[in-house]
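Residues per chain are reported as follows:
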Amino acid sequence: MSAVSSRLPVFPWDKLEPYKATASAHPDGIVDLSVGTPVDPVPELIQRALVGAANSPGYPTVWGTAELRDALTGWAERRLGARDVAHTNVLPVVGSKELVAWLPTQLGLGAGDRVAYPRLAYPTYEVGARLCGAEPVSYEDPTELDPAGLKLLWLNSPSNPTGRVLDKAELTRIVAWAREHGVLLFSDECYLELGWEAEPVSVLHPDVCGGSYEGVVAVHSLSKRSNLAGYRAAFLAGDAAVLGELLQIRKHGGMMTPAPVQAATVAALGDDTHVAEQRARYAARRTALRAALEGHGFRIEHSEASLYLWATRDEPCWRTVAHLAQLGILVAPGDFYGPAGESFVRVALTATDERVEAAVKRLG
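Residues numbered from 1 in each chain as written. Predicted model: local features only at pLDDT ≥ 70, side-chain atom pairs only at ≥ 80, totals over all residues. Heavy atoms only, no water.

### Focus: helix α12 (residues 317–326)
Think of an α-helix as 3.6 residues a turn; residues three or four steps apart then line up on the same face.
Thinking step 1. Those residues of α12 that sit buried are Cys317, Thr320, Val321, Leu324 and Ala325. Summarising the axial view, the buried residues of α12 lie within an arc of 135°, below the 170-degree limit, and thus occupy one face. Exposed residues pointing more than 90 degrees away from the buried face of α12 are listed as Arg319 and Gln326.
Thinking step 2. The positive-phi residue at the C-terminal boundary of α12 is Gly328, with phi of around 80°. (Buried < 20%, exposed > 50% of the residue type's maximum accessible area, 1.4 Å probe, protein only. Helix = DSSP H or I, 4+ residues; strand = E, 2+ residues; numbered from the N terminus. Arc of directions from axis to C-beta.)

### Thoughts on the packing of helix α2 (residues 17–24) against α12
Thinking step 1. As a packed pair, α2 and α12 sit with axes 7 Å apart at the nearest point and diverge in direction by 25°. As judged from the angle between their axes, α2 and α12 are roughly parallel. Residue-level inspection shows Tyr19, Thr22 and Ala23 of α2 in contact with α12, the latter providing Trp318, Val321, Ala322, Ala325 and Gln326.
Thinking step 2. Here the contact of α2 with α12 is composed, by residue class, of six nonpolar, two polar and no charged. (Axes fitted to C-alpha atoms, helices over the stretch in contact; angles between N-to-C directions. Parallel < 35°, antiparallel > 145°, perpendicular 65-115°, else oblique. Contact = heavy atoms within 4.5 Å. Nonpolar A, V, L, I, M, F, W, Y, C, P; charged D, E, K, R; others polar.)

### Things to note about the packing of aromatic side chains
Thinking step 1. Tallied over the full model, the rule gives 11 aromatic pairs.
Thinking step 2. Both rings, one in Trp75 and one in Phe235, keep their centres 5.7 Å apart while their planes meet at 90°; by these two values the pair is edge-to-face. Here the residue Trp75 occupies a position in helix α4 (residues 66–80), and Phe235 occupies one in strand β8 (residues 234–238), the gap between them amounting to 160 residues. Pair check on accessibility: Trp75 and Phe235 agree, each one buried.
Thinking step 3. Consider the rings of Tyr191 and Tyr308, whose centres lie 5.6 Å apart with planes at 65°: the pair is edge-to-face. Taken together, the positions of Tyr191 in the loop between β6 (184–188) and α8 (206–209) and Tyr308 in strand β10 (residues 308–312) put the pair 117 residues apart, joining distant regions of the chain. Summarising the burial analysis for this pair, Tyr191 and Tyr308 share the class buried.
Thinking step 4. In this arrangement the basic side chain of Arg69 is found over the ring face of Trp63, its NZ or CZ atom lying 3.9 Å from the centre. (Phe/Tyr/Trp six-rings, centres within 6.5 Å; stacked < 30°, edge-to-face > 60°. Lys NZ or Arg CZ within 6 Å of the ring centre and 35° of its normal.)

### Describing the nonpolar core
Thinking step 1. Judged by nonpolar contacts, the single largest core of 60 residues is most densely connected at Leu33, Trp154, Phe186 and Leu236.
Thinking step 2. Each residue touching Leu33, except ones within four places of it in the same chain, is listed here: Leu289, Ile329, Leu330, Val331, Arg346, Val347, Ala348, Ala351 and Ala359.
Thinking step 3. Formed by 45 residues, the second largest nonpolar core is a distinct cluster that contains Ala82, Leu150, Leu155 and Tyr213. (Core = buried A, V, L, I, M, F, W, Y, C linked by side-chain atoms within 4.5 Å.)

### Points about the pairing of strand β2 (residues 90–93)
Thinking step 1. Judged by which residues are buried, β2 turns out to be covered on both faces: Val90 and Pro92 on one side and Leu91 and Val93 on the other are all buried.
Thinking step 2. In the sheet, β2 pairs with β8 via four bridges, with the strands oriented antiparallel. Bridge pairing in β8 links Leu91 to Leu236. (Pairing = 2+ DSSP bridges.)

### As for the side chain of Ser159
Thinking step 1. Turning to its location among the elements, Ser159 is positioned in the loop between β5 (150–156) and α7 (168–180).
Thinking step 2. Residues within four places of Ser159 in sequence aside, it is in contact with Leu120, Arg164 and Ser306.

### Focus on the sheet that holds strand β12 (residues 332–333)
Thinking step 1. With respect to topology, four strands assemble into an open sheet ordered β9-β10-β13-β12, the strand pairing being antiparallel. Each having just a single partner strand, β9 (299–301) and β12 make up the two edges of the open sheet.
Thinking step 2. In terms of strand pairing, β12 meets strand β13 (residues 344–348) through two bridges, oriented antiparallel. Following the sheet pairing, Pro333 is matched in β13 by Val345.
Thinking step 3. Sitting on the sheet, helix α11 (residues 273–295) is in contact with β9, β10 and β13, with an inclination near 5° to β10.

Here you go:
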């Protein structure tokens, strides 16, 4: 077992514990803006759907119910602009982190294969490569990579941590490059419904993929848009051949979304009102935190979408973390997401209105 764990980096969040202790000692309590975990209630209609399906004594299927697949295909067409999405083009997964971590293994990758991801990125892309023994490779522009041995290319737009959005022209160019070189492209689009100063576009949009899903898969999650991080509700959409292979593998592995969560997902994807209400909450918190940080001497870069502000005082990130911890505010150091983030911190919008107001006051 240690042979596998030794391939992995130190779990980054453990390094933050001393700073969390400092922030927690503030007389008015900690304002935790470090982890992007939802704090607002699960919408009532989703809770009702979950409870209504609570009497589910039998095993669910890995592919999900027909109602779930209808919801997934309908949402992809309505929200992403995708065309002719069939049941074979969708697959539910048990939260997107599980998928990211185990995808290279399920694709059969290993020694001699390469997995690429953005230079500033969610750490689990690298973890997934290391778990199967593949070589992790980071990029600034994926089309400048050597395609030899490159088996999996991760995109992430809107980006975690930077909030950067790849526009339609960039996505189209990258998809064409990946297809030209036979590289499977997975696009992590979990923050797509949280665009602020840019309108995120999916790789499944016909203007990007040309109406064909060959070699292209999008990853979506209900954790952020519907406050369902605790439900572990996510799904894939795209290349039917790739998803069909993953379905067979996941059947053997028993990777089943619980039946009540499937019912909750159907309800969540069928309602846009709660998504708009949650967006409005995050927009207000974002406006308040951004103004307070800039007033405190920070510069905000990118951050045109997603649930974070990518902020810097042009100093080592851990110095910034320590400074804010003294104010009772906990943020994530930028080097969690790669060496290129060593002078930045990631500030999450996922705190209650009361805690955001406290942070604004302290920064002022």
